[in-house]
Amino acid sequence: NAGVTQTPKFQVLKTGQSMTLQCAQDMNHNSMYWYRQDPGMGLRLIYYSASEGTTDKGEVPNGYNVSRLNKREFSLRLESAAPSQTSVYFCASSDRQGVSPLHFGNGTRLTVT
Amino acid sequence: QKEVEQNSGPLSVPEGAIASLNCTYSDRVSQSFFWYRQYSGKSPELIMSIYSNGDKEDGRFTAQLNKASQYVSLLIRDSQPSDSATYLCAVRGTSYGKLTFGQGTILTVHP
């Protein structure tokens, strides 16, 4: 009964380094999302995948790329990390579009120095 | 104007009181509305969803939706210290299931 699993839980990067945040869900959901959460800013959508094989930009996509590897997995890549990307990142999934709520993973706390 | 607006608080209520959390949204054709609770350092967890005008009750929680006024609220009756958290309002429009969040209201319930 894992739900949405994110790895890693914590990460520290130096400016310019790259990394990939992994996300997997076992609920057979069609849609998956990546959000970032910053103090006073709420949750902001980075990228989403409405279904396997599709990805689209959200509100704050610059500096990120995503891959929907299969129905279960949706990864977020930072090619050249910047201090402005210091944040908490949440992956989420949902079943039917337009109706179902999001189910969140436990988050990844990323610090870029 | 932000798409989804909440009073950031903090909102402080005594134990046993009713806590009232409010949210307004700008997209008139929004269809789905959710309230999430987030404890410090944790991920958001869904506590209520509402899709049509009126009230929806679940235990101590009542969600209220008024589409004409573009307003959704959450009432927490008999507030407990364990209800102390940030409450996020989320609204889904008509396209691709994207959920837009407000900035959250910090609620503190003091004994």
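Above this text you will find the structure in question.
Residues numbered from 1 in each chain as written. Chains lettered and ligands numbered in written order. Predicted model: local features only at pLDDT ≥ 70, side-chain atom pairs only at ≥ 80, totals over all residues. Heavy atoms only, no water.

Caption draft 1: Molecular detail of the overall build of chain B. Of the regular secondary structure elements, chain B holds zero helices and 11 strands. Taken from the N to the C terminus, the helices and strands of chain B come in the order β-β-β-β-β-β-β-β-β-β-β. With the principal axes as the frame, chain B shows a C-alpha extent of 45 × 30 × 20 Å. By residue count, 44% of the 111 residues in chain B fall in the buried class. Contacts in chain B between residues at least 24 apart in sequence constitute 54% of all its contacts with a sequence separation of at least 6. (Helix = DSSP H or I, 4+ residues; strand = E, 2+ residues; numbered from the N terminus. Buried < 20%, exposed > 50% of the residue type's maximum accessible area, 1.4 Å probe, protein only. Contact = heavy atoms within 4.5 Å.)

Caption draft 2: Main features of the interface of chain A and chain B. Each partner contributes residues to the interface: chain A has 20 residues there, and chain B has 20 residues. Across the chain A to chain B interface the summed buried area is about 1,600 Å²; carbon plus sulfur atoms make up 56%. The tally of links between chain A and chain B comes to five residue pairs in polar contact (both at pLDDT 80 or more). Of all elements in the fold, only strand E4 (31–38), strand E5 (42–49) and strand E9 (87–94) of chain A reach the threshold of two or more residues within the side of chain A that touches chain B. Per-element tally for the side of chain A that touches chain B: the top contributor is E5 of chain A, with four residues. Classifying every residue of the side of chain A that touches chain B gives 10 nonpolar, nine polar and one charged. (Buried area = accessible area lost by both parts, 1.4 Å probe. Polar contact = N/O pair within 3.5 Å; in protein donor to acceptor, adjacent residues only side chain to side chain. Nonpolar A, V, L, I, M, F, W, Y, C, P; charged D, E, K, R; others polar.)

Caption draft 3: Spatial organisation of the pattern of salt bridges. Taken as a whole, this structure holds six salt bridges over all chains when the rule is applied. Put simply, Arg36, Asp38 and Arg44 of chain A are held in one network by salt bridges that share partners. (Salt bridge = Lys/Arg side-chain N within 4 Å of Asp/Glu carboxyl O.)

Caption draft 4: Molecular detail of the packing of aromatic side chains. Counted by the stated rule, this structure contains 11 aromatic pairs over all chains. Residues Tyr33 of chain A and Tyr48 of chain A carry aromatic rings whose centres are separated by 6.5 Å and whose planes lie at 25° to one another, so their mutual orientation is stacked. Placement of Tyr33 of chain A in strand E4 and of Tyr48 of chain A in strand E5 is noted, with a sequence separation of 15 residues between them. Across this residue pair, the class does not change: Tyr33 of chain A and Tyr48 of chain A are buried. By the ring-pair criterion, three or more aromatic residues cluster together here, those being Tyr33, Tyr35, Tyr48, Phe90 and Phe104 of chain A together with Tyr36 and Phe101 of chain B. Above the plane of the ring of Phe61 of chain B lies Arg60 of chain B, whose end atom (NZ or CZ) is 5.5 Å from the centre. (Phe/Tyr/Trp six-rings, centres within 6.5 Å; stacked < 30°, edge-to-face > 60°. Lys NZ or Arg CZ within 6 Å of the ring centre and 35° of its normal.)

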